[in-house]
Amino acid sequence: MVHIDEAVKLDFKDVLIRPKRSTLKSRAQVDLNRKFPFKHSHREWTGVPIMAANMDTVGTFTMAENLSQHGLLTCIHKHYTVDEWIEWGGSHAHILPFVAVSMGTSEEDQQKVATIRSLLDVPFICMDVANGYSEHFVQAVRR
């Protein structure tokens, strides 16, 4: 049976972001870089917590090359082949900390990501699904 959640939900129109007083004299002094420790992998990542989507025309190797210069992440679209990843990643190892390899929930996608990550030090995985609340998604994450 479907559960209907009756709890109050907030939307963007319900939230006010109020700036606080600052000691900075110029916007040029702002540093958006943040350090993120990852509990289970024991990795740490430093960068700007903004990522380009893994859409075909956005999540490209060229986008990653440009955004990584500013510490931003790019979720690379899943249509690149393993060979394309190896060719690009081999000559752009300094950019790999700023990319995520994308996949769906199929066994084939999981194998492709495993192959890429066994050959290149890509720290992040973007799992792209239409419904993140589905049981199918949960099972794919567990695998």
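Before any of the text, the structure's been laid out above.
Given the structure is predicted, the values throughout are model-derived calculations rather than measurements.

A.B. asks: In this structure, what is going on with the pairing of strand β5 (residues 99–103)? I would like to understand it.
C.D. replies: Burial within β5 is extensive, with five of its five residues counted as buried. Along β5, one buried face is formed by V99, V101 and M103 and the opposite face, lined by A100 and S102, is buried too. The parallel pair strand β4 (residues 73–76) and β5 is bridged by helix α2 (residues 82–91), and the resulting crossover is right-handed. Where β5 lies against strand β6 (residues 124–127), four bridges are found, and the strand directions are parallel. In the sheet register, M103 faces β6, and the bridge partner there is M127. On the question of chirality, the crossover connecting β5 to the parallel β6 by way of helix α3 (residues 107–119) is right-handed.

A.B. asks: How should I be thinking about the sheet that holds β6 in this particular structure?
C.D. replies: Hydrogen bonds between backbone groups are what pair the strands of a sheet, and the pairing can be parallel or antiparallel. Taken in spatial order, the four strands line up as β3-β4-β5-β6 in an open sheet, and their pairing is parallel. Each edge of the open sheet is held by one strand with a lone partner, namely β3 (51–52) and β6.

A.B. asks: Is there a simple way to explain the side chain of T105 in this structure?
C.D. replies: Considering the arrangement of structural elements, one finds T105 in the loop between β5 and α3. Polar contacts involving the side chain of T105 include one to the side chain of H136, which spans 2.6 Å. Here T105 is in contact with V129, H136, F137, A140 and R143, once residues within four sequence places are set aside.

A.B. asks: In this structure, what is going on with the packing of α2 against α3? I would like to understand it.
C.D. replies: Two numbers describe a pair of packed helices, the interaxial angle and the distance between the axes. Between α2 and α3, whose axes approach to 10 Å, the crossing angle comes to 20 degrees. As the angle between them shows, α2 and α3 are arranged roughly parallel. The handedness of the crossing between α2 and α3 comes out as right-handed. Here α2 contributes V82, W85 and I86 to the contact with α3, which in turn contributes K112, T115, I116 and L119. In terms of residue class, the contact of α2 with α3 is made up of five nonpolar, one polar and one charged.

Definitions and limits used
Residues numbered from 1 in each chain as written. Predicted model: local features only at pLDDT ≥ 70, side-chain atom pairs only at ≥ 80, totals over all residues. Heavy atoms only, no water. Buried < 20%, exposed > 50% of the residue type's maximum accessible area, 1.4 Å probe, protein only. Helix = DSSP H or I, 4+ residues; strand = E, 2+ residues; numbered from the N terminus. Right-handed = clockwise from strand over helix to strand, strands pointing away. Pairing = 2+ DSSP bridges. Polar contact = N/O pair within 3.5 Å; in protein donor to acceptor, adjacent residues only side chain to side chain. Contact = heavy atoms within 4.5 Å. Axes fitted to C-alpha atoms, helices over the stretch in contact; angles between N-to-C directions. Parallel < 35°, antiparallel > 145°, perpendicular 65-115°, else oblique. Left-handed = near helix turned anticlockwise from the far one by under 90°. Nonpolar A, V, L, I, M, F, W, Y, C, P; charged D, E, K, R; others polar.

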